[in-house]
Amino acid sequence: MLKHKKWLTILVLMILLGGIFGSGSAQSYSFSLDQAVVDLYINADGSATIEYTLDFNNDPGAHAIDYVDIGLPNDSYDIGSITASINGKAITHIANSQYVDHGVELGLGSNAIPSGASGRVKARIGLVHDMIYESDLNEADMGEAYASFEFSPNWFGSEYCHGNTDYTITVYLPPGIESDEPRYHTPQKWPGADEPQSGYDEQGSVFYSWYSPDANGYTQYIFGASFPARTVPTSTIQTQPSFDFSIIGAFIENLFENSCPIVFACLFFAFPVLSGIWGSRQNKKRK
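Conventions and cut-offs
- Residues numbered from 1 in each chain as written.
- Predicted model: local features only at pLDDT ≥ 70, side-chain atom pairs only at ≥ 80, totals over all residues.
- Heavy atoms only, no water.
- Pairing = 2+ DSSP bridges.
- Helix = DSSP H or I, 4+ residues; strand = E, 2+ residues; numbered from the N terminus.
- Axes fitted to C-alpha atoms, helices over the stretch in contact; angles between N-to-C directions.
- Salt bridge = Lys/Arg side-chain N within 4 Å of Asp/Glu carboxyl O.
- Buried < 20%, exposed > 50% of the residue type's maximum accessible area, 1.4 Å probe, protein only.
- Polar contact = N/O pair within 3.5 Å; in protein donor to acceptor, adjacent residues only side chain to side chain.
- Contact = heavy atoms within 4.5 Å.

Enquirer: Sorry if this is basic, but what is going on with the sheet that holds strand β6 (residues 93–96) here?
Expert: Each strand in a sheet pairs with another by means of backbone hydrogen bonds, the pair being arranged parallel or else antiparallel. Strand order in the open sheet formed by three strands is β3-β7-β6, and the pairing between neighbours is antiparallel. In this open sheet, the two edge strands, each paired with only one partner strand, are β3 (67–71) and β6. Direction aside, the axes of adjacent strands within the sheet are offset by 20° on average. As paired elements, β6 and strand β7 (residues 103–107) share four bridges and run antiparallel to each other. When the sheet's bridge partners are listed, I94 is paired in β7 with L106.

Enquirer: For this particular structure, what's the right way to read the pattern of salt bridges?
Expert: Close approach of charged atoms allows side chains of opposite charge to pair. For the coordinates displayed, the defined rule picks out four salt bridges. With a shortest N-O distance of 2.9 Å, E144 and R230 are connected by a salt bridge. Here E144, found in the loop between α2 (139–142) and β10 (146–151), pairs with R230, found in the loop between β16 (223–228) and α3 (245–284); they are 86 residues apart in sequence, far enough to count as distant. On the accessibility criterion, R230 (48% relative accessible area) is partly exposed.

Enquirer: Whenever I open this one, the side chain of S97 confuses me. Can you help?
Expert: In this fold, S97 is placed in the loop between β6 and β7. By relative accessible area, S97 is classed as buried at 14%. A polar contact of 3.1 Å, which involves the side chain of S97, links it to the backbone nitrogen of Y99. A distance of 2.9 Å separates a polar side-chain atom of S97 from the backbone nitrogen of V100. Among residues more than four places away in sequence, those in contact with S97 are D69, G103, V104 and E105.

Right, here's the structure in full:
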């Protein structure tokens, strides 16, 4: 009888493990992002425009790249201002992303990139609001008030994307700024030089451009700049958000000190349910 119980226990464990990890056997996404060109324009009205050119190389045997999700700085974007294409053909499925917070999904449809093939996706997000904040540059030192922004280009999960990316990102400041007035922010996690190339575009706007052949498509890079606040409407400049993290820290500490047994009991009984949900979501994941 004990022998039968032993094999029954092993069988139950195998079923549970199969439910948790079984989705790993399905065909999954795996690709490299060979080249990325990102342009961010801070417009004179205080809005922003973002343009992406992304060159994908899908791995042999991988799932076709049928959707590309693009994360955006916030939810204050006009989805009607977005246009996109795949290998020069218009993408008509543009919707709010189901998998990325503050983002959109581009459905490639019949133009999906099959395994072993490559494709170029272009996207233009014409109108994004609420990206400009008050700068912490001292007004007394600068001679006037400054505004600033920070921008993190889209990145993909490291479980899908691999390899190096030939990466160029350029930020264009509002018109009416002299070359010695703005200040670029030191980029975060960037594998290239901190100091960008700079100059004027055809419209006379100052730009900062960073380039690296050693970047990748799965790391979150952050870029930014500060510029005279007079060049955009005052109504578009937001106060820097503030939050006291000690409050949430104290809450968590108090929770574990006073409710630790209850928390662990809930986690124990919830684990099978959460595992099933996780497995189901894994089957539906896509990039």
